[in-house]
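Examining the three-dimensional arrangement
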Amino acid sequence: MYTFGVATDLMRVYVPATMPQLAVLRERGELTAPVEVHAVTPTLREWYAEGDEEELEYVAFTRAAQSALRLLRRDPDAPRRRVVVSADLARGAVQRVDAELGSSMVKLTGPVPVQSVAAIHVDSVDATDDVAAAADQVEEALAGDPDAQFTVDSAEDHELEWFDVSELDTLL
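Read on for a plain summary of the structure. What you see is a predicted model, and the numbers here were worked out from it, not measured in a lab.

Definitions and cut-offs
- Residues numbered from 1 in each chain as written.
- Predicted model: local features only at pLDDT ≥ 70, side-chain atom pairs only at ≥ 80, totals over all residues.
- Heavy atoms only, no water.
- Buried < 20%, exposed > 50% of the residue type's maximum accessible area, 1.4 Å probe, protein only.
- Helix = DSSP H or I, 4+ residues; strand = E, 2+ residues; numbered from the N terminus.
- Pairing = 2+ DSSP bridges.
- Patch = residues over 30% accessible without salt bridge, like charges linked within 9 Å, V, L, I, M, F, W, Y side chains within 5 Å.
- Areas by Shrake-Rupley, 256 points an atom, 1.4 Å probe, with all protein chains shown as cover.
- Salt bridge = Lys/Arg side-chain N within 4 Å of Asp/Glu carboxyl O.
- Lys, Arg positive; Asp, Glu negative; His and termini not counted.
- Charge placed at Lys NZ, Arg CZ, Asp CG, Glu CD.
- Arc of directions from axis to C-beta.
- Contact = heavy atoms within 4.5 Å.
- Polar contact = N/O pair within 3.5 Å; in protein donor to acceptor, adjacent residues only side chain to side chain.

Observations regarding the pairing of strand E1 (residues 10–17)
The element E1 is largely enclosed, with a buried count of seven among its eight residues. With eight bridges connecting them, E1 and strand E4 (residues 83–90) associate as antiparallel partners. The partner of Tyr 14 across the bridge, within E4, is Ser 86. Sheet topology places E1 next to strand E3 (residues 37–39); two bridges connect them, and they run antiparallel.

Okay, structure coming up:
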């Protein structure tokens, strides 16, 4: 429904973020997208040929959550909670960036307006210790360190909670 190769006007993207970036979304009415934004792409669809749409969206969402760990590593002052903003954007606002088989990465041509936000997903407070440890180890995990991957997997065991955009004030 929201993917490349399907004739719709909108595409669902999964934007990794931090709690301070959510504050910017609230204050400015838009979120400046990081480099690593994820969506169901043709290469992801080809790699998961047996996967249905929901499974493909879950893969893209999970990758955005892992990208949120990388943002946390770069911002030591941000609360240790992964954030993923799900947004429905006009297809022209989303560009493919990587033809690598299985890639879900896309590039946005501009900021994500608050009106396009479908949902905000945030770790619960009880996940902060595991998320903090994972943020410290995410680069090593991506480089193939099995111990670091175990630490990242511990954070991924926590499901992100779902919030409507109207709950942004309460969430912050």
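A word on a negative patch on the surface
On the surface, a cluster of negative charge is contributed by Asp 126, Asp 129, Asp 130, Asp 153, Asp 157, Glu 159 and Glu 161. Along the chain, the position of Asp 130 falls in helix H4 (residues 128–142). For Asp 130, a relative accessible area of 30% corresponds to the partly exposed category.

With respect to helix H5 (residues 146–156)
Each α-helix winds once per 3.6 residues, and so residues spaced three or four apart point in a common direction. Of all the positions in H5, only Ala 148, Val 152 and Ala 155 are classed as buried. With its buried residues spanning 50 degrees around the axis, H5 presents them on a single face. Turned more than 90 degrees away from the buried face of H5 sit Pro 146, Asp 147 and Phe 150, all of them exposed. Buried-residue contacts for H5 involve helix H3 (53–74) and H4. Capping the start of H5 is the job of one residue whose side-chain oxygen sits 2.8 Å from the backbone nitrogen of Asp 147: Asp 145.

Quick notes on the pattern of salt bridges
In the structure shown here, the tally under the stated rule is seven salt bridges. Residue Asp 123 pairs with Arg 82 through a salt bridge whose shortest N-O separation is 2.7 Å. Placement of Asp 123 in the loop between strand E8 (117–122) and H4 and of Arg 82 in the loop between H3 and E4 is noted, with a sequence separation of 41 residues between them. Here Asp 123 and Arg 82 have matching classes, each one buried. A single salt-bridge network, built from bridges that share partners, covers Glu 36, Arg 70 and Glu 139.

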